[in-house]
Amino acid sequence: MTVWDDLVGQARVQAQLADAARDADGLVTAVADRSGATLAPAAFRMTHAWLFTGPPGSGRSTAARAFAAALQCVSPDRALGGEPGCGFCDGCHTTLVGTHADVEIVRTDQLSIGVKDTRELVRRAQLSPAGGRWQVIVLEDADRLTEGAGNVLLKAIEEPAPRTVWLLCAPSLEDVLPTIRSRCRHLVLSTPSVDAVADVLVRRDGIDPATAASAARATQGHIGRARRLATDERARARRAVVLKVPLRVADIGGCLKAAQELVDAAGEDAKQVAEEMDVKETDDLKAALGAAAGGRMPRGTAGAMKELADRQKRRSTRTQRDSLDLALSDLTGFYRDVLALQLGSRVALANEDVRDSLDRVAQSSTPERTLRRIEAIIACRQALDRNVAPLLAVEAMTVALRAG
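Below you will find a few notes about this structure. On a predicted model such as this, the values are computed, not experimentally measured, just so you know. Counting from 1, residues in each chain are numbered in the order their sequence is written. Under the rules for a predicted model, residues below a pLDDT of 70 receive no local features and side-chain atom pairs below 80 are neither given nor counted, while totals for whole chains, interfaces and linings still include all residues. Only heavy atoms go into the side-chain values, all of them from the structure, while hydrogens and water stay out.

1. Overview of the pattern of salt bridges
Argument step 1. Should a side-chain nitrogen of Lys or Arg be within 4 Å of a carboxyl oxygen of Asp or Glu, the pair is scored as a salt bridge. This model, assessed by the stated rule, comprises 22 salt bridges.
Argument step 2. Of the charged contacts, one joins E140 and R107 as a salt bridge, the two residues approaching to 3.5 Å between their closest N and O atoms. With E140 in the loop between β3 (135-139) and α5 (147-158) and R107 in the loop between β2 (103-106) and α4 (115-125), this pair connects stretches of sequence that are 33 residues apart.
Argument step 3. We note a salt bridge from D205 to R227, for which the minimum N-O separation is 3.0 Å. With D205 in helix α7 (residues 194-205) and R227 in helix α9 (residues 223-231), this residue pair connects regions lying 22 residues apart in the sequence.
Argument step 4. Only protein chains enter the calculation, and the probe is 1.4 Å; a residue is then buried if its accessible area is under 20% of its type maximum, exposed if over 50%, and partly exposed in between. By relative accessible area, R227 is classed as partly exposed at 23%.
Argument step 5. Among the charged side chains, a salt-bridge network with shared partners connects D6, R204, D205 and R227. A run of DSSP states H or I qualifies as a helix once it reaches four residues; a run of E qualifies as a strand once it reaches two. Both are numbered from the N-terminal end.

See below:
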């Protein structure tokens with residue numbers, strides 16, 4: 001199993017990254033050669049900064065991690081012509097599980113990545129590799145950099161350390177500062193096919209073919225969501241509730257009740273994350289600050305505790321937004337199927353398991369009304385991005401769904 005096996009439906013991107021990994025391997029080998037041999041010329045397929053873009057579920061972070069592992073590959077087979085990225089050596093394994101000393105994988109559960117955190121990354125990027133072949137920084141949420149943080153990162157990318165590689169991930173080019181994206185090698189990932197996602201769920205996760213096919217079809221090729229839907233009963237229950245919303249907005253009372261339930265469900269997700277993480281984080285920080293056995297905090301530690309509380313609050317907000325966004329994606333998929341039925345399209349339906357509901361809505365409406373409903377969902381997502389109160393935004397959407 002090579003490091004590329006989890007990169008589903010991205011043959012072109014995989015080939016480009018494999019070529020770059022080979023060039024990088026040759027470059028490091030030449031630099032390390034003490035025999036006096038002439039160093040290899042600069043590898044034209046390898047560069048110090050990469051930008052992976054693609055729709056949600058396309059595998060941006062998976063591609064970045066696989067490339068990082070290939071750069072750190074220390075398999076002895078390379079000397080015999082083997083490709084970097086074997087998947088079994090210590091360099092590949094520790095990178096993929098997130099424990100390699102020279103690979104920093106950055107993901108945020110906050111609403112944004114600020115200047116302070118970015119400066120720490122830039123400081124690390126200036127270090128030489130401790131034991132690996134490259135110092136690799138994988139920034140999975142480059143679209144969440146604040147403008148100030150982006151300017152800090154720009155300086156590091158403009159003047160890179162000799163053995164440092166930046167791997168940035170974002171949904172699209174427009175989500176990254178122009179000055180940053182102009183200095184990165186750009187790779188575009190596409191949404192994998194439903195069959196490819198179903199195949200990887202069966203092959204890697206041991207999910208039965210029928211369940212895997214249903215989950216892949218319902219999520220339209222989103223690998224992470226498909227795996228969760230296939231393995232998590234609670235996720236299936238939440239999706240079932242969301243897909244009933246179009247049938248519950250016949251009157252204003254139904255609209256408001258459906259909106260409240262969607263927001264409450266998202267709040268429950270945020271609460272669960274808080275229960276799992278907040279208490280442990282708070283206890284660990286108190287212990288680190290030297291809290292007494294009775295819980296009394298030493299003088300001068302109130303600021304650190306407040307900073308943690310603020311960070312936990314921002315994480316809760318993002319968790320709620322992400323949960324709502326997932327529900328809105330499912331709702332968009334429902335109306336997309338309705339539109340396909342109304343127009344007589346032969347495209348495969350994502351929600352075949354609720355075909356009766358699709359037929360009912362399709363027959364009682366028109367394509368024009370369906371399009372307006374999809375626009376109402378998009379408007380709700382935009383409102384949430386602008387920090388509109390979730391309940392107000394979702395209520396406005398459900399009322400618009402009723403009006404069509």
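2. Some remarks on helix α13 (residues 355-363)
Argument step 1. Within α13, the full set of buried residues consists of S357, L358, V361 and A362. Here the buried residues of α13 occupy an arc of 130° about the axis, which is enough to place them on one side. Across α13 from its buried face, at more than 90 degrees, point the exposed residues D356, R360 and Q363.
Argument step 2. Residue contacts are counted whenever heavy atoms from the two residues lie within 4.5 Å of one another. Contact partners of the buried residues in α13: α12 (302-342) and α14 (367-385). Each direction from the helix axis to a C-beta atom contributes to the arc, which is the arc of those directions.

3. Section: the packing of aromatic side chains
Argument step 1. Only rings of Phe, Tyr and Trp enter the pairing, Trp through its six-membered ring, and a pair is recorded when the two centres are within 6.5 Å. The plane angle decides the type: under 30 degrees is stacked, over 60 is edge-to-face, the rest tilted. What the rule picks out here adds up to two aromatic pairs.
Argument step 2. Each ring, one from W50 and one from F67, has its centre 5.0 Å from the other, and the planes form 70°; the classification is edge-to-face. Taken as a pair, W50 in strand β1 (residues 49-53) and F67 in helix α2 (residues 60-71) lie far apart in primary sequence, 17 residues in all. Each of the two residues, W50 as well as F67, counts as buried.
Argument step 3. Pairing F334 with Y335 gives two aromatic rings, centres 5.5 Å apart and planes at 80°, and the pair type is edge-to-face. Just as F334 is buried, Y335 falls in that class too.
Argument step 4. Geometry around W134 places R163 over its ring, the cationic atom sitting 5.9 Å from the centre. By definition here, charges over rings are those cases where NZ of Lys or CZ of Arg is within 6 Å of the ring centre and within 35 degrees of the ring normal.

4. Re the nonpolar core
Argument step 1. What we call a nonpolar core is a set of buried Ala, Val, Leu, Ile, Met, Phe, Trp, Tyr and Cys residues that are connected through their side-chain atoms within 4.5 Å. Counting residues in each nonpolar core, the largest one holds 35 residues, and the members touching the most others are W4, L17, W50, F52, F67 and L167.
Argument step 2. Of all elements in the fold, only α1 (11-32), β1, α2, β2, β3 and β4 (164-170) reach the threshold of two or more residues within this core.
Argument step 3. With eight residues, the top contributor of residues to this core is α2.
Argument step 4. Dropping the residues within four chain positions of it, W50 is found in contact with L17, A20, R45, F67, V165, W166, L167, L168, C184, R185 and L187.
Argument step 5. If you look at the next biggest cluster of nonpolar residues, it comprises 31 residues, including V249, A259, L262 and L358.

5. Comments concerning unusual backbone geometry
Argument step 1. At Q220, a residue that is not glycine, the phi angle is positive and equals roughly 55°.
Argument step 2. The residue Q220 is located in the loop between α8 (209-219) and α9 in this model.
Argument step 3. Positive phi outside glycine occurs at N387, with the angle close to 70°.
Argument step 4. Counting through the fold element by element, N387 comes out in the loop between α14 and α15 (390-403).
Argument step 5. Residue classification places N387 among the exposed residues on the basis of a relative accessible area of 54%.

6. Comments concerning a nonpolar patch on the surface
Argument step 1. On the surface, I252, L256 and V399 cluster together into a nonpolar patch covering about 210 Å² of accessible area.
Argument step 2. Considering the arrangement of structural elements, one finds L256 in helix α11 (residues 252-288).
Argument step 3. A relative accessible area of 36% places L256 in the partly exposed class. For patch detection, residues must exceed 30% relative accessible area and be free of salt bridges, and they are connected within 9 Å for like charges or within 5 Å for nonpolar side chains (Val, Leu, Ile, Met, Phe, Trp, Tyr). Here the open area of atoms and residues is found with the Shrake-Rupley method and a 1.4 Å probe, where only the protein chains shown may cover a residue.

7. Let's talk about the pairing of β1
Argument step 1. Here β1 lies mainly inside the structure; five of its five residues are buried.
Argument step 2. Burial along β1 is two-sided: the residues A49, L51 and T53 and W50 and F52 are all buried.
Argument step 3. Each pair of strands is called paired provided DSSP finds at least two bridges between the two strands. Here β1 pairs with β4 via five bridges, running parallel. Residue A49 lies in a different strand from β4, and its bridge partner there is W166.
Argument step 4. Direction of pairing for β1 relative to strand β5 (residues 185-188): parallel, over a ladder of four bridges. Among the inter-strand pairings, T53 is bridged to a residue of β5, identified as V188.

8. Re the state of the cysteines
Argument step 1. Here, two cysteine sulfur atoms that lie within 2.5 Å of each other are counted as a disulfide. As enumerated under the stated definition, the model contains zero disulfides in all.
Argument step 2. In this structure C86 is a free cysteine whose sulfur lies 3.6 Å from that of C89, the closest cysteine sulfur available.
Argument step 3. Left unpaired, C169 is separated from the closest cysteine sulfur, that of C184, by 11 Å.
Argument step 4. Overall, C169 belongs to the buried group, its relative accessible area being 0%.

By themselves, these are just geometric observations and shouldn't be taken as functional.
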